[in-house]
Amino acid sequence: MANLHIINHPLIQNKLTRLRDVNTNNHNFRLLLEELTAFMVYEITRDYPLKEVEIETPLETMKGKVLDTSVVLVPILRAGTGMLRGVLDLVPMARVGHIGLYRDPETLQPVEYYAKFPQTLAEAQVILVDPMLATGGSAIVGIDILKREGAQKIQFLCLVAAPEGVEALSSAHPDVSIYTAALDRELNDHGYILPGLGDAGDRIFGT
Ligand code: PRP
Ligand code: URA
């Protein structure tokens, strides 16, 4: 799958293992999630465009480089909000949209309950974030919504993906790059990723 990128950096893998561990409490889970997200963002922004600007150092004038794109970060509620701080630590100028989706526990289909975006969505580099890509339903609908609102340059950032979700998302949105820290084995009968990390929202919020 050409649009799948697995980020294998040792520091990312080290933190991911601690994140998955059932003995990691809610507080540490939130901290690890933020730190991991920041590392991932460092990798996925590698190809962002730059432009030259003239600045004065204390000694002389020089041409420096700054980002030449606006960035819109969109977490899928709830669990995606746990990744917000990690992105904003590295890209503090990003604007933030929100998409509210939950999976119906019977059908596993995503149900939309909220959507709000900054006006810069159409020209911005958009990063859709959610820690889990399971069946792919939430990410597919999230990207459907972003495209409906005019977004054109979309990256999907998760931490744990199932092969079923990657397959579904790649065929629904082949133009969107998928970034994950791990591609796990499979889904169980309830749509949970194995080995996974459990229910990301519950582990972040202690529900
Ligand atoms: C989880 C997760 C994703 C979705 C992934 O959210 O955060 O949004 O499931 O599953 P999928 O790929 O099969 O759609 P959930 O629906 O449990 O909602 P929550 O974040 O409010 O807990
Ligand atoms: N959502 C989660 O939070 N975890 C899974 O394993 C699958 C969907």
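Residues numbered from 1 in each chain as written. Chains lettered and ligands numbered in written order. Predicted model: local features only at pLDDT ≥ 70, side-chain atom pairs only at ≥ 80, totals over all residues. Heavy atoms only, no water.

Asks: Could you clarify how one ought to interpret unusual backbone geometry in this entry?
Replies: Residues apart from glycine generally show negative phi values, whereas peptide bonds are mostly found in trans. The omega torsion of the bond from Leu77 to Arg78 falls at -5°, within 30 degrees of zero and hence cis. Topologically, Arg78 is positioned in the loop between strand 4 (71–77) and helix 3 (84–90). Residue Leu194 is joined to Pro195 through a cis peptide bond whose omega torsion reads 0°. Relative to the assigned elements, Pro195 resides in the loop between strand 15 (193–194) and helix 6 (200–205). Even without glycine at this site, Leu108 takes up a positive phi of about 65°. Secondary-structure assignment places Leu108 in the loop between strand 6 (98–103) and strand 7 (110–116). Given a relative accessible area of 18%, Leu108 falls into the buried group. (Helix = DSSP H or I, 4+ residues; strand = E, 2+ residues; numbered from the N terminus. Buried < 20%, exposed > 50% of the residue type's maximum accessible area, 1.4 Å probe, protein only.)

Asks: Help me understand the packing of aromatic side chains in this model?
Replies: One pass over the full model with this rule turns up one aromatic pair. With centroids separated by 6.1 Å and ring planes inclined at 35°, the aromatic side chains of Tyr102 and Tyr113 adopt a geometry described as tilted. Taken as a pair, Tyr102 in strand 6 and Tyr113 in strand 7 lie far apart in primary sequence, eleven residues in all. By relative accessible area, which is 43% here, Tyr113 ends up partly exposed. Sitting over the ring of Tyr192, Arg103 keeps its end group 5.7 Å from the ring centre. (Phe/Tyr/Trp six-rings, centres within 6.5 Å; stacked < 30°, edge-to-face > 60°. Lys NZ or Arg CZ within 6 Å of the ring centre and 35° of its normal.)

By themselves these figures say nothing about function.
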